[in-house]
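Results of the structural survey
One-letter residues, chain by chain:
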Amino acid sequence: MDRFDAIRTLLAAIDGGSLSAASRALGMPLPTVSRKVSELEAHLGTQIVVRTSRKLVLTDAGEAFVAAARRIMAELEEAERAASGEYRAPRGELLITAPILFGKLHILPIVLEFLGAYPEVDVRLILSDSVVDLVDNHVDVAARLGRLPDSGLVALRVGTVRWISCASPHYLAERGTPATPDELASHDCIAFEGLQTARSWTFAPGVGAGPVTIRPRLGVNTADGLIEAASAGLGVARMMSYQAAPAIRDRRLVTILDDYAPEPIPVHLVHTGPPLLPLKLRAFLDFAAPRLKAALAGLPG
């Protein structure tokens, strides 16, 4: 029995929730998956998993073994990367994640420049507005907007973004510019919303403006749609500063109620902080951080 191969098979089954999931993930016949797990249990002299009709359940011995096996496999992968030269020169593949529009506007241009500077590094850029688990998905680095929970991740702060209110010059010329958030009650608004409706906006505390009820003429669930509707003069919209920046530069949108803007939202590059940082990751952090700081410092608001 190849113990490392058997452990990899077991971990794939646990992660997938079933032997069938491991079979699909590894491209291995189901009987082979089952045999490898059974051989591992026979080698250990104990039952690792209980096979039910719907899922695999770890025994107490299995819980302890799988936790140790994950550490061993992680150390083996580190050793393999070190032996292949990943720690001697920036090379290999980087997996990066970021929110969709933030990634499109700020991460992708940096990645394209980075690839030109480091021809031996390849990048997979996954843009998603969902929070991607770095460990489970083997992500090297992620751009995160917002306060970070105490997760054990290593975070490099690169700047801030903020919520801003804006409208087209044409709309403001016709309807006037609201001087306080309360005046939004007499204005048409465009809300960023999906299946759940949004009927109030929250402004900075301490300046006499808490939640303000709005009347959305349009609700739309993408930032692109929000920007297009506001640029077309439909009404006042609320969006992140990085989302509005291109339209503000082009004078399609104008910021309003700047004195009532909420507190800035931090932006970080986060990674798992392996004991020995691969040079490909160190190179990207050193390359991306100053460029992101410069780009975010120039945002409106």
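Presented here is a report on the structure given in the accompanying data block. Just so you know, these numbers come straight off a predicted model, no measurement behind them.

As summarised here, the arrangement of the five strands in space is β11-β8-β12-β7-β13, forming an open sheet in which the pairing is mixed. Taken across any chain shown, the strands that pair with only one partner, and hence form the sheet edges, are β11 (216–220) and β13 (254–256). Going across the sheet, the axis of each strand differs from the next one's by a mean of 35 degrees, ignoring polarity. Pairing of strand β7 (residues 163–167) with β13, which is carried by three bridges, proceeds in the antiparallel orientation. By the bridge assignment for β13, Cys-166 is matched with Thr-255. Those strands touched by helix α7 (residues 223–231) are β8 (189–192), β11 and β12 (236–240), and its axis lies near 175 degrees from that of β8. Sheet contacts for helix α8 (residues 241–249): β7, β12 and β13; angle to β12, the most-contacted strand, approximately 120 degrees.

Another point: the packing of helix α1 (residues 3–16) against helix α2 (residues 19–26). The interhelical angle for the contact between α1 and α2, taken along N-to-C directions, is 115 degrees, at an axis separation of 7 Å. When you trace α1 past α2, the crossing you get is right-handed. Only Leu-19, Ala-21, Ala-22 and Leu-26 of α2 make contact with α1, whose side of the interface consists of Thr-9, Ala-12, Ala-13 and Gly-16. For the contact of α1 with α2, the per-class residue count stands at six nonpolar, two polar and no charged.

As a further point, take α8. Each α-helix turn comprises 3.6 residues. Residues three or four places apart therefore point the same way. Listed in full, the buried residues belonging to α8 are Ser-241, Tyr-242, Gln-243, Ala-244, Ala-245 and Ala-247. Next to the buried residues of α8 lie α5 (100–117), β5 (141–145), β6 (154–161), β7, α7 and β12.

Even without glycine at this site, Arg-251 takes up a positive phi of about 65 degrees. Although it is not a glycine, Leu-257 sits at a positive phi angle of roughly 55 degrees.

Here we take up the pairing of β12. Of all five residues that make up β12, five are buried, and the element is covered over most of its length. Here four bridges tie β7 to β12, and the two strands are oriented antiparallel to one another. Note that in β12 the partner of Ile-164 across the bridge is Met-239. In terms of strand pairing, β8 meets β12 through two bridges, oriented parallel. Bridge pairing in β12 links Cys-189 to Val-236.

Two pairing modes exist for strands in a sheet, parallel and antiparallel, and in both the strands are linked by backbone hydrogen bonds. The strand order across the open sheet built from five strands is β4-β3-β5-β14-β6, with neighbouring strands paired in mixed fashion. Looking at the sheet topology across the chains shown, the edges are occupied by β4 (121–127) and β6. Between one strand and the next, the sheet's axes are offset by a mean angle of 20 degrees, whatever the strand orientation. Note that β6 and strand β14 (residues 265–271) share seven bridges and pair antiparallel. The partner of Ala-155 across the bridge, within β14, is Val-270. Here helix α9 (residues 279–297) sits on the sheet and contacts β3 (92–98), β4, β5, β6 and β14; the angle it forms with β6, its principal contact strand, is near 20 degrees.

About the criteria used
Residues numbered from 1 in each chain as written. Predicted model: local features only at pLDDT ≥ 70, side-chain atom pairs only at ≥ 80, totals over all residues. Heavy atoms only, no water. Pairing = 2+ DSSP bridges. Helix = DSSP H or I, 4+ residues; strand = E, 2+ residues; numbered from the N terminus. Axes fitted to C-alpha atoms, helices over the stretch in contact; angles between N-to-C directions. Contact = heavy atoms within 4.5 Å. Left-handed = near helix turned anticlockwise from the far one by under 90°. Nonpolar A, V, L, I, M, F, W, Y, C, P; charged D, E, K, R; others polar. Buried < 20%, exposed > 50% of the residue type's maximum accessible area, 1.4 Å probe, protein only.

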